[in-house]
Amino acid sequence: MHDEPIVQKPASGFWTDAYPDLGRGPISLEDSVSPEFYQKEKEHVFKKSWLYIGRVEQLPQKGSHFTRELAILDTSILVVRGKDDQIRAFHNICPHRGNKLVWRDDPFQEVEGGSSFLYCRFHGWRFDLDGSLIKPSRADLLLDFDGSKCSVPQIQCEVWQGFIFINMNPDNTETVRDFLGEFAEGIEGYPFAGPHQVYKFKAELQCNWKIFMDGFAESYHGPYLHAGSFGALTEVAKMDAPNPYTDALAFDLKGPHRMFSFYGEPSQKTPFSRPIECLTESSPAGPWNKSAKRGPLPKGLNPTRSDKYGFDSFQFFPNFVLIFSSSGFTTHAHWPTGPHSHIVEVDMYFKPPTSHRERISQELTVSFLNDIVLEDASPLEGMQAMLNSGAIKEFYANDEEILVRHLHKVIQDKVTEGEKSKAEQGA
Ligand code: FES
Ligand SMILES: [Fe+2]
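Keep in mind that this is a model prediction, so the values were computed, not measured.

A.B. asks: Got a sec to walk through the domain arrangement of the chain? Specific residues and values, please.
C.D. replies: By domain assignment, the chain separates into domain 1 (15-42 + 194-419) and domain 2 (51-167). Put simply, the middle of domain 1 and the middle of domain 2, counted by C-alpha atoms, are 33 Å apart. At the interface, nine residues of domain 1 touch six residues of domain 2.

As structure tokens, this is what we get:
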């Protein structure tokens, strides 16, 4: 454990005062309702940023592959581990006449699998795992054909700590590590590598992706929205005063990325532990068994060095959330499918259980977390419908909602910058 805090609250008592550029006033909600804004966000944010699309454990051997159907990128992505063990990403398209290259029964269903080459089942052309053409069928029929120019179109792809990222911008020159910046440096050394016991949760919601991100950027809503799950927090909140359970231990912003650290030594019995938690020795934040606990933490976790520390939540721009808890890490990815809809993917990574008790502890944590995510999701579709009504044009963010303010500012700034440079180039 490290002793010196690396983040401290400004003397004024407001986190927001550390970031004068953020402003303090109301925030435009155009970015969450406008179909025109959505198109610009697609162009200037999603098609220009490094995006997290999966873990290396999904590609266990040479020839392993998986596909991603990502509407916000207007394409299907094929990710392949090559014979040289390098992980590459491609547009999932055959360069002969454009058939979708890898799919099974439904061309819009994501797949995972493996083979020693890529095979297009329309006319039987074969491609190597690096995308180059191995052999067209009926080579005797080809006209003015240069096989060296006929390969599966590649997309920039890099791996950081086992997380696979792509970047759709062919002109990008920044590495994913440089893009992720100081927060990434502070996390490196965490035991991310598999094998893992992974629990997955995926749903499409009729709301803008940022509205769901916002709910995971503050714990201020805890005693109200999660009153059913966290009765103890609600009791404290009735005092309508600073709440040690929900006020963040730290907020930190670095470029387009943000994080917060919050309360809860959950991996032990507390006065609020419910009978089922005592029985299974598990809480929403993780099993209590000592062998599942974290080892020495990388320097960027628990930035206030608090003994009350429970979680750190990093929101990497634009749509990737990485949460650390007592017994593992969780990823959230938010994929827009339209201006008022998105798919959320929640993947929870634990150590593989070594006993039935450990497995049951994990299952209890996962079922708690699924309930909590559903509670987080519960207001969102109604909220989106009301935002779409146009009855309000702005929303408010208090000091505990500084990360909400930051997300919307960064997105709005990126779109403004992108439009400006497009206008300057006369595009
Ligand atoms: S479209 Fe793929 S082989 Fe013809
Ligand atoms: Fe929540």
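A.B. asks: Go over the sheet that holds strand β14 (residues 257-263), please, and point to the residues and values.
C.D. replies: The strands making up a sheet associate through hydrogen bonds between their backbones, and the pairing can be parallel or antiparallel. Across the sheet, seven strands lie side by side as β12-β20-β19-β18-β17-β14-β13; this open sheet has antiparallel pairing. Among the strands making up the open sheet, the edge pair consists of β12 (197-205) and β13 (250-254). Within this sheet the neighbouring strands show an average axis-to-axis angle of 15 degrees, counted without direction. Sheet topology places strand β17 (residues 309-316) next to strand β18 (residues 320-325); five bridges connect them, and they run antiparallel. Across the sheet, residue F316 finds its bridge partner in β18, namely F320.

A.B. asks: Any details on the environment of E400? Residues and values, ideally.
C.D. replies: Checked against the element boundaries, E400 lands in the loop between β21 (394-395) and α10 (402-424). Considering only alpha carbons, one finds E400 and P298, 102 residues apart in sequence, at a separation of 25 Å. Discounting residues that sit within four places of it in the chain, E400 has contacts with E218, Y220, D247 and A248.

A.B. asks: Account for the sheet that holds strand β11 (residues 163-167), naming residues and giving values.
C.D. replies: Pairing is antiparallel in the open sheet, where seven strands are placed in the order β2-β11-β10-β5-β4-β3-β6. Because the sheet does not close on itself, it has two edges, and the strands there are β2 (50-55) and β6 (112-114). Ignoring which end each strand starts from, the neighbouring axes of this sheet average 30 degrees apart. Pairing between strand β3 (residues 64-70) and β6: three bridges, direction antiparallel. The residue bridging S64 from the neighbouring strand is G114, located in β6. Across the sheet, helix α3 (residues 176-187) lies against β2, β10 (154-160) and β11, angled at about 30 degrees from β10, the strand it touches most.

A.B. asks: Provide a residue-level description of the nonpolar core, including the pertinent values.
C.D. replies: In this structure, I53, L78, V79, F165 and I166 are the most contacted members of the largest nonpolar core, which totals 86 residues. Per-element accounting of this core gives the leading share, seven residues, to α10. The two domains that each donate at least three residues to this core are domain 1 (15-42 + 194-419) and domain 2 (51-167). Not counting chain neighbours up to four residues away, the residues in contact with I53 comprise R68, I77, V79, I164, F165 and I166.

A.B. asks: Break down α10 for me, citing the residues and quoting the values.
C.D. replies: Compared with an ideal rise of 1.5 Å per residue, which puts 23 residues at 33 Å, α10 spans 32 Å between its outermost C-alpha atoms and is within 8% of the ideal. Taken from the residues just after α10, G426 is the one with a positive phi, measuring 70 degrees.

A.B. asks: Quick rundown of the environment of Q39? Include the residues and the values.
C.D. replies: Within the secondary structure, Q39 sits in helix α2 (residues 35-46). Linking Q39 and G338, residues 299 residues apart in sequence, is a C-alpha distance of 9.0 Å.

A.B. asks: Explain the packing of α2 against α10 to me, and be specific about the residues and the numbers.
C.D. replies: Contact pair α2 / α10: the axes reach a minimum separation of 9 Å and the direction vectors enclose 80 degrees. Taken together, the axes of α2 and α10 lie roughly perpendicular to each other. Taking contact as the criterion, the partners of F37, K40, E41, E43, H44 and V45 in α2 are, on α10, I411, K414, V415, G418 and E419. A class-by-class count of the residues in the contact of α2 with α10 yields four nonpolar, two polar and five charged.

A.B. asks: Tell me about unusual backbone geometry, and name the residues and values.
C.D. replies: Cis geometry marks the peptide bond from G194 to P195; its omega dihedral reads 5 degrees. Looking at the secondary structure, you find P195 in the loop between α3 and β12. In this chain, F317 is followed by P318 through a cis amide linkage whose omega measures -5 degrees. Within the secondary structure, P318 sits in the loop between β17 and β18. Of note, D144 is a non-glycine position whose phi angle comes to about 40 degrees, a positive value. With respect to the helices, strands and loops of the structure, D144 is situated in the loop between β9 (133-135) and β10. Judged by local crowding, D144 falls into the exposed class, with 4 C-beta atoms found within 10 Å. A positive phi angle, close to 55 degrees, is found at E281, a residue other than glycine. Position of E281 relative to the elements: it lies in the loop between α7 (275-280) and β15 (282-283).

Each value, and the rule that gives it
- Residues numbered from 1 in each chain as written.
- Chains lettered and ligands numbered in written order.
- Predicted model: local features only at pLDDT ≥ 70, side-chain atom pairs only at ≥ 80, totals over all residues.
- Domains from an automatic or database assignment.
- Contact = placed C-beta atoms within 7 Å.
- Pairing = 2+ DSSP bridges.
- Helix = DSSP H or I, 4+ residues; strand = E, 2+ residues; numbered from the N terminus.
- Axes fitted to C-alpha atoms, helices over the stretch in contact; angles between N-to-C directions.
- Core = buried A, V, L, I, M, F, W, Y, C linked by C-beta atoms within 7 Å.
- Buried ≥ 20, exposed ≤ 12 C-beta atoms within 10 Å, placed from the backbone.
- Expected span 1.5 Å × (residues − 1).
- Parallel < 35°, antiparallel > 145°, perpendicular 65-115°, else oblique.
- Nonpolar A, V, L, I, M, F, W, Y, C, P; charged D, E, K, R; others polar.

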